[in-house]
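# Structure at a glance
For reference, the chains in residue letters:
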Amino acid sequence: MIFTVTDARFGERGYDTHMQTFADANAVARLIDDLGVRIRGDLTGAVGDAPLADTCAMVGIQSRGDVMAQRLAAQLELPNDRVGSLDITLYRDDLSEVGPQPIVRTTEIPFAIDGLNIVLVDDVLMSGRSVRAAMQSLMDFGRPRRLWLAVLVDRGGRELPIHPDQVAVDMSNATTNNQQVAVTLTPTDERDAIIIQDCDGA
Amino acid sequence: MRVTFTSRRQSAHKAEGSIELAKTKRGFDWKHKHLLTIAQLSSEEIRFLLQTAHGFSDVSTRSIKKVPALRGKVVANLFFEDSTRTRMSFHLAASRLSADVVELVAKGSSVAKGESLRDTARNIEAMGVDVIVVRHDQSGAAALLADSVNCSVINAGDGQHAHPTQGLLDAYTVAQRLGRDDFDLSGITVAIVGDIQHSRVARSNIHAMTKLGANVILVGPPTLLPSGFSQLGCELAHDFDEVLPRVDVINMLRVQFERIQSQAFPSVREYAALYGLTTQRLAQAKPNVTVMHPGPLNRGIEIESAVADGPQSTVLAQVTNGLAVRMGVLYLITRVK
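Residues numbered from 1 in each chain as written. Chains lettered and ligands numbered in written order. Predicted model: local features only at pLDDT ≥ 70, side-chain atom pairs only at ≥ 80, totals over all residues. Heavy atoms only, no water.

## A closer look at the overall build of chain B
- A tally of regular secondary structure across chain B gives twelve helices and nine strands.
- Within chain B, the proportion of its 337 residues that are buried is 60%.
- Element-wise, carbon and sulfur atoms account for 51% of the exposed surface of chain B, whose accessible area totals about 13,400 Å². (Helix = DSSP H or I, 4+ residues; strand = E, 2+ residues; numbered from the N terminus. Buried < 20%, exposed > 50% of the residue type's maximum accessible area, 1.4 Å probe, protein only. Areas by Shrake-Rupley, 256 points an atom, 1.4 Å probe, with all protein chains shown as cover.)

Below, the structure is given as structure tokens:
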């Protein structure tokens, strides 16, 4: 390990006690696959006969959305240079809060975004603040033809007027206020899963 | 130019490193409100800082070279000594983070009327400045400022004492060049050559390189290389030709004619003959040796033009990396109250 860090997702020791698996690896694979099919429908409807590889791109929000974007791009047969990954740390609206410093990572957008249909991908959508930050960050790279938003889980609890175009699973009624939804995806994590975790007082 | 890490060892390392980080993220407890010396930082802190700088490296390659991380903050450049690179680099770094920058030039300001350093700084702070970047010809000036004001202070060079961002950007450049993505420089031997005594760049480099695990050999004439430097954990040498074949990195220092008071060496020509890095001399070094120089160059004295502009030279990469490192420093210190 490079430096001492604390885990925001599961606490120091990894997977904690009060948690249940909402979707296992097979279920997650099916959900992403289904999401890909629906995104393909949206994009085809928007660009008509033009090849998706010429008109569309995927951009994932780090650090799980970028993994999803890779998988969805493979499913839609987009080339590797049409997949980007965004680090939104510098664009977050809670940057001034004190505490441990988030690790700033590089943003990699290997294509010119102007004129493209870009699907923004994230694992969990809740307040909408990450998506807002991602949109601001992306706009600093140019002017896409249209931005789409696809997420694996909609958790509900929006604080901004942001609405996803495609959602793999709506969990806005599946959890209580003191529960947290986490998505784990390989190779970043050990396995694919959607997990509901109790966060007593956390 | 895009800052990229290229070696093969690197990519293997990177893959492992990022998985590990992603698993264990997502925070590091950065405590320093000021950056005065590298001596104040632990190895872990230096690595985190350089990792953060790497995160900023792509900003300068975008069409809109700006991120909103320091929106609403004000950075004051307070330079009492001449500077081209460092002043501009800090200015650009702050601008790219969306901070406002004010420049104070000592000539034509109240400093010329005899205002003390402390008074100048307090007055600047009273205008709502968040960071003062200071360069001064007196060692300890930055520390004095940090004690006098409530805002953050970054040392951009104080006398012969320290130039921390130079040490950091040099360490970053070595790591980049040698494919050490984790900023661990173990097993690397760095020669710092020339006027060690008067060089704050040398002092900051010694701290940065040794804390990251590198071996440091200081090379120079006895008049410019006091024996006390061995206490910093470095090997001292006076024979450049003997050291050359053993090193992975050669960091050539500028001969600081403005600081050398007595006759440190018989003639510039003799200095160049013994300690100048020429094409001929470079041929004795390892074929993939990295040649560094903090600038400004005295071409033909400590470094021959063909070497400074050659494929092994990182002179311009150092400048590019300096921007990313200064963005990282500004970003981290402004987040500490």
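On we go from here.
## A few points about the sheet that holds strand E1 (residues 74-79) of chain B
All names here are of chain B.
- What the four strands build is an open sheet, ordered E2-E1-E3-E4; its pairing is parallel. Unpaired on one side and paired on the other, strand E2 (100-105) and strand E4 (152-158) mark the two borders of the sheet. With direction set aside, neighbouring strand axes in the sheet form an average angle of 15 degrees.
- Sheet topology places E1 next to strand E3 (residues 131-136); five bridges connect them, and they run parallel. Bridge pairing in E3 places Phe79 opposite Arg135. (Pairing = 2+ DSSP bridges. Axes fitted to C-alpha atoms, helices over the stretch in contact; angles between N-to-C directions.)

## Observations regarding the packing of helix H6 (residues 164-177) of chain B against helix H12 (residues 315-333) of chain B
Residue and element names in this part refer to chain B.
- Packing of H6 against H12 brings their axes to within 8 Å, and their N-to-C directions diverge by 120 degrees. Relative to H12, H6 is oriented oblique. For the element pair H6 and H12, the recorded crossing hand is right-handed. For the pair formed by H6 and H12, the contact residues are Thr165, Gln166, Leu168, Leu169, Asp170, Tyr172, Thr173 and Gln176 on the first element and Ala317, Gln318, Asn321, Gly322, Val325, Arg326 and Val329 on the second.
- Looking at side-chain class alone, the contact of H6 with H12 contains six nonpolar, seven polar and two charged residues. (Parallel < 35°, antiparallel > 145°, perpendicular 65-115°, else oblique. Left-handed = near helix turned anticlockwise from the far one by under 90°. Contact = heavy atoms within 4.5 Å. Nonpolar A, V, L, I, M, F, W, Y, C, P; charged D, E, K, R; others polar.)

## Comments concerning the side chain of Asn155(B)
- With respect to the helices and strands, Asn155(B) occurs in strand E4.
- Here Gly157(B) takes part through its backbone nitrogen, which lies 2.8 Å from a polar atom of the side chain of Asn155(B). (Polar contact = N/O pair within 3.5 Å; in protein donor to acceptor, adjacent residues only side chain to side chain.)

## Focus: the side chain of Gln166(B)
- In this fold, Gln166(B) is placed in helix H6.
- Here Gln166(B) is in contact with Val201(B), Asn205(B), Pro294(B), Gln318(B) and Arg326(B), once residues within four sequence places are set aside.

## Quick look at the confidence of the model for chain A
- When pLDDT is averaged along chain A, the result is 87, and 88% of the positions lie at 70 or above.
- Contacts from residues 1-16 of chain A, a stretch scored under 50 in pLDDT, to residues over four places away or in other chains number 52 contacts. (pLDDT = per-residue confidence, 0-100.)

## What to know about the environment of Val255(B)
Residues and elements named next belong to chain B.
- Here Val255 lies in the loop between strand E8 (249-252) and helix H9 (268-275).
- Owing to a relative accessible area of 0%, Val255 belongs among the buried residues under this scheme.
- Val255 sits 62 residues away from Val193 along the chain, and the two C-alpha atoms are 9.9 Å apart.
- In this structure Val255 touches Asp195, Ile260, Phe265, Tyr271, Asn298, Ile301 and Glu302, once residues within four positions along its chain are discounted.

## What about the environment of Ser98(B)?
Residues and elements named next belong to chain B.
- Among the structural elements, Ser98 can be located in the loop between helix H3 (85-96) and E2.
- Placed 25 residues apart in sequence, Ser98 and Lys73 show a C-alpha to C-alpha distance of 8.0 Å.
- Discounting chain neighbours no more than four positions away, the residues touching Ser98 are Lys66, Val67, Pro68, Leu70, Arg71 and Gly72.

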